[in-house]
Amino acid sequence: MSAPFLAKWFDTLDGGSPDDILDMIAPDFRFSIVFGTGGEAARDFAGGREAMEGYLRQREKGVLTHHVLSASTVGSDELVLGQARRGGKFESTFVAAARLDDSGQVVGLMIGRSPEFDIEA
């Protein structure tokens, strides 16, 4: 099983030009990234293209890498479970779900992450 769109999304996000993910989103794109920071604290980045541009501006670049541990595709939906790592060491576990349109662009994206749970531990 695989999720080729989300694999490309995270590869792009981790690469030298993370803003290139903006080319992967549909005109009516919407998203939510619930970014847990531990100790019951979390931030929800949500909205459309403009909100994603804001998220990308505040994000650390070239620091975290995403490692997909399992993935599946059901129709136009892709789902992944993975880890974000800093310098090769566990930072957080994440789940992501993307709904794609007929042209292969993402119209809906939900990502949740938590440093409190290491799926590999």
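Scroll up to find the structure.
Computed from a predicted model, the values in this text were never measured in an experiment.

A. Representation of the overall build of the protein chain within the structure. Each helix and strand counted, the protein chain has two helices and six strands in total. Each helix and strand of the protein chain, ordered N terminal to C terminal, gives the series α-β-β-α-β-β-β-β. Computed over C-alpha atoms, the radius of gyration of the protein chain comes to 14 Å, within 12% of the 14 Å expected from 2.2 N^0.38 for 121 residues, which places it in the range of a compact globule. Dimensions along the principal axes, computed over C-alpha positions, put the protein chain at roughly 40 × 30 × 30 Å. Taking the intrachain contacts of the protein chain between residues at least 6 apart in sequence as the baseline, contacts between residues at least 24 apart amount to 47%. Summed over all atoms, the accessible surface of the protein chain reaches about 6700 Å², with 51% contributed by carbon and sulfur. Looking at the protein chain, you have 12 positive and 19 negative side-chain charges, and the mean spots of the two groups are 4 Å apart.

B. Structural view of the nonpolar core. By size, the foremost hydrophobic cluster in this structure holds 26 residues, and its most contacted members are Leu6, Trp9, Phe10, Met52, Val106 and Leu109. Counting only elements with at least two residues in this core, the list comes to helix 1 (4-14), strand 1 (25-38), helix 2 (49-58), strand 5 (89-100) and strand 6 (106-114). Excluding its chain neighbours within four sequence positions, the residues that come into contact with Trp9 are Ile21, Met24, Ile25, Met52, Val106, Leu109 and Ile111.

C. Summary view of the pattern of salt bridges. Taken as a whole and assessed by the stated rule, the structure comprises six salt bridges. Ionic pairing is found between Arg49 and Glu53, a salt bridge with its closest N-O pair at 3.2 Å. In this pair, Arg49 and Glu53 both sit in helix 2, four residues apart, roughly one turn of the helix. Classification of Glu53 as partly exposed rests on a relative accessible area of 27%.

D. Quick look at the side chain of Thr12. You can see Thr12 is positioned in helix 1. You can call Thr12 buried: its relative accessible area is 17%.

E. Inspection of the pairing of strand 6 at higher detail. The element strand 6 is extensively covered by neighbouring structure, given that seven of its nine residues are classed as buried. Relative to strand 6, strand 1 runs parallel, the two sharing seven bridges. Looking at strand 6, one finds that Phe35 is bridged to Arg113. Connecting the antiparallel pair strand 5 and strand 6 is a turn made up of five residues, with Gly104 showing a positive phi of about 90°.

F. Representation of unusual backbone geometry. One non-glycine residue, Glu40, adopts positive backbone phi at about 70°. Summarising the element assignment, Glu40 is placed in the loop between strand 1 and strand 2 (41-47). For Glu40, a relative accessible area of 85% gives the class exposed.

G. The sheet that holds strand 6, seen in detail. Ordered by their spatial adjacency, six strands build an open sheet running 2-1-6-5-4-3, and the pairing between neighbours is mixed. Because the sheet does not close on itself, it has two edges, and the strands there are strand 2 and strand 3 (64-74). Put simply, the sheet's adjacent strands are angled 15° from each other on average, direction ignored. The sheet contacts of helix 1 involve strand 1, strand 3, strand 4 (77-86), strand 5 and strand 6, and relative to strand 3 the element is tilted by about 170°. Contacting strand 1, strand 2 and strand 6, helix 2 runs over the sheet at an angle of about 40° to strand 1.

The rules behind the values
Residues numbered from 1 in each chain as written. Predicted model: local features only at pLDDT ≥ 70, side-chain atom pairs only at ≥ 80, totals over all residues. Heavy atoms only, no water. Helix = DSSP H or I, 4+ residues; strand = E, 2+ residues; numbered from the N terminus. Rg over C-alpha atoms; globule rule 2.2 N^0.38 Å. Contact = heavy atoms within 4.5 Å. Areas by Shrake-Rupley, 256 points an atom, 1.4 Å probe, with all protein chains shown as cover. Lys, Arg positive; Asp, Glu negative; His and termini not counted. Charge placed at Lys NZ, Arg CZ, Asp CG, Glu CD. Core = buried A, V, L, I, M, F, W, Y, C linked by side-chain atoms within 4.5 Å. Buried < 20%, exposed > 50% of the residue type's maximum accessible area, 1.4 Å probe, protein only. Salt bridge = Lys/Arg side-chain N within 4 Å of Asp/Glu carboxyl O. Pairing = 2+ DSSP bridges. Axes fitted to C-alpha atoms, helices over the stretch in contact; angles between N-to-C directions.

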